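Architecture and fold: a report
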Amino acid sequence: VAPPAGWYTDPSDSAGLRWWDGQQWTTATRQLAPAPPTGPAILVPTQTSTTAVRADPHGCQVCGAGPARATKFRSVRGMIVLFVWRTHCGRWCRDCAEAKFREAQNFTLAWGWWGFFTLFFTPVVVGMNLYENSKAQGLAAPTNRRAAPLPKGGDLFHRPGIWIALVGLPLAFIVFGLGHWPS
Ligand SMILES: [Zn+2]
């Protein structure tokens, strides 16, 4: 005759208890908590919920937060007649997208101008980055974050790129122009 239903020492874990339903062992287990100085031992369920939080496959690939959006930023560096072009793709929440945007945009503003070809398509890249980021910033505030987002750092006006574009580039043109001034 089988013993009556109840909690018994777990045959697979002598430190815990397993529920015997009167016919067979079930999957329900409990751990014996360390006994407090006074009073009986406390039974603590090992599984409190069957609906564990799952990673959101549509969340930000950096911090896990939603909503997130597939976004692509570009950066470009000109070197006389050569250039280096990079794309930065990812599925990001608006905060992580802003961090990526600042990085790519600052780099492009600083380095994009210094080549014959890039002088013409750097403004296009700058515009595309602005457009991509405006869509990312249209996302709702991130929720369910599971990891730290990318650090945004200072905004573009606190980075060198935009000042190189606004001051350095005209200065370079003036110097170049003066050097070629017909005498
Ligand atoms: Zn994120």
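Residues numbered from 1 in each chain as written. Predicted model: local features only at pLDDT ≥ 70, side-chain atom pairs only at ≥ 80, totals over all residues. Heavy atoms only, no water.

**Thoughts on the overall build of the protein**
When helices and strands are counted, the protein shows three helices and six strands. Each helix and strand of the protein, placed in order from N terminus to C terminus, yields the pattern β-β-β-β-β-β-α-α-α. At a minimum sequence separation of 6, the contacts of the protein that also span at least 24 residues come to 56%. (Helix = DSSP H or I, 4+ residues; strand = E, 2+ residues; numbered from the N terminus. Contact = heavy atoms within 4.5 Å.)

**A look at the confidence of the model for the protein**
When pLDDT is averaged along the protein, the result is 86, and 85% of the positions lie at 70 or above. Throughout residues 48-53 the model reports pLDDT below 50, and contacts reaching past four residues in sequence, or to other chains, amount to zero contacts. (pLDDT = per-residue confidence, 0-100.)

**So, unusual backbone geometry**
Here the bond from glycine 66 into proline 67 is cis, since omega is 0°, no more than 30 degrees from zero. Within the element layout of this structure, proline 67 appears in the loop between β4 (43-45) and β5 (69-79). For asparagine 144, which is not glycine, the phi dihedral falls at a positive 60°. Along the chain, asparagine 144 falls in the loop between α2 (118-137) and α3 (160-179). Its relative accessible area of 61% is what places asparagine 144 among the exposed residues. (Buried < 20%, exposed > 50% of the residue type's maximum accessible area, 1.4 Å probe, protein only.)

**Observations concerning the side chain of glutamate 132**
By the element assignment, glutamate 132 lies in helix α2. Not counting chain neighbours up to four residues away, the residues in contact with glutamate 132 comprise Arg69, Thr71, Lys72 and Phe73.

**Quick notes on the packing of aromatic side chains**
With the rule as written, the count across this model stands at nine aromatic pairs. Here tryptophan 7 and tryptophan 19 contribute two aromatic rings whose centre-to-centre distance is 5.3 Å and whose plane-to-plane angle is 70°, an arrangement assigned as edge-to-face. With tryptophan 7 in strand β1 (residues 6-10) and tryptophan 19 in strand β2 (residues 13-20), this residue pair connects regions lying 12 residues apart in the sequence. With relative accessibility at 30%, the residue tryptophan 19 sits in the partly exposed group. Ring centres of phenylalanine 116 and phenylalanine 120 lie 5.9 Å apart, and the angle between their planes is 75°; this geometry places the pair in the edge-to-face category. Judged by relative accessible area, phenylalanine 120 falls into the exposed class, the value being 58%. By way of ring pairs, the aromatic residues Phe73, Trp92 and Phe101 are connected into one cluster. Over the ring of tryptophan 111 we find arginine 77, and its NZ or CZ is 4.1 Å from the ring centre. (Phe/Tyr/Trp six-rings, centres within 6.5 Å; stacked < 30°, edge-to-face > 60°. Lys NZ or Arg CZ within 6 Å of the ring centre and 35° of its normal.)

**Observations concerning the layout of surface pockets**
When its volume is computed, the largest pocket comes out at roughly 180 Å³. Taken together, Trp113, Trp114, Gly115, Phe116, Leu119, Leu169, Ala172, Phe173 and Phe176 make up the full set of residues lining the largest pocket. Ranked by residue count, the leading element in the lining of the largest pocket is α3, at four residues. For the lining of the largest pocket, a count of residues per class yields eight nonpolar, one polar and no charged. (1 Å grid on protein atoms, 1.4 Å probe; cavity = no way out; pocket = protein on both sides within 12 Å on 5 of 7 lines; lining within 4 Å. Points joined across faces, edges and corners; volume = space filled by probe spheres on them. Nonpolar A, V, L, I, M, F, W, Y, C, P; charged D, E, K, R; others polar.)

**Looking at the packing of helix α1 (residues 94-111) against α3**
Between α1 and α3, the shortest axis-to-axis distance is 7 Å and the interhelical angle comes to 30°. In terms of orientation, α1 and α3 fall into the roughly parallel class. Considering the relative orientation of α1 and α3, their crossing is left-handed. Residues Asn106, Leu109 and Ala110 of α1 pack against Pro160, Gly161, Ile162, Ile164 and Ala165 of α3. Looking at the contact of α1 with α3 residue by residue, the classes come out as six nonpolar, two polar and no charged. (Axes fitted to C-alpha atoms, helices over the stretch in contact; angles between N-to-C directions. Parallel < 35°, antiparallel > 145°, perpendicular 65-115°, else oblique. Left-handed = near helix turned anticlockwise from the far one by under 90°.)

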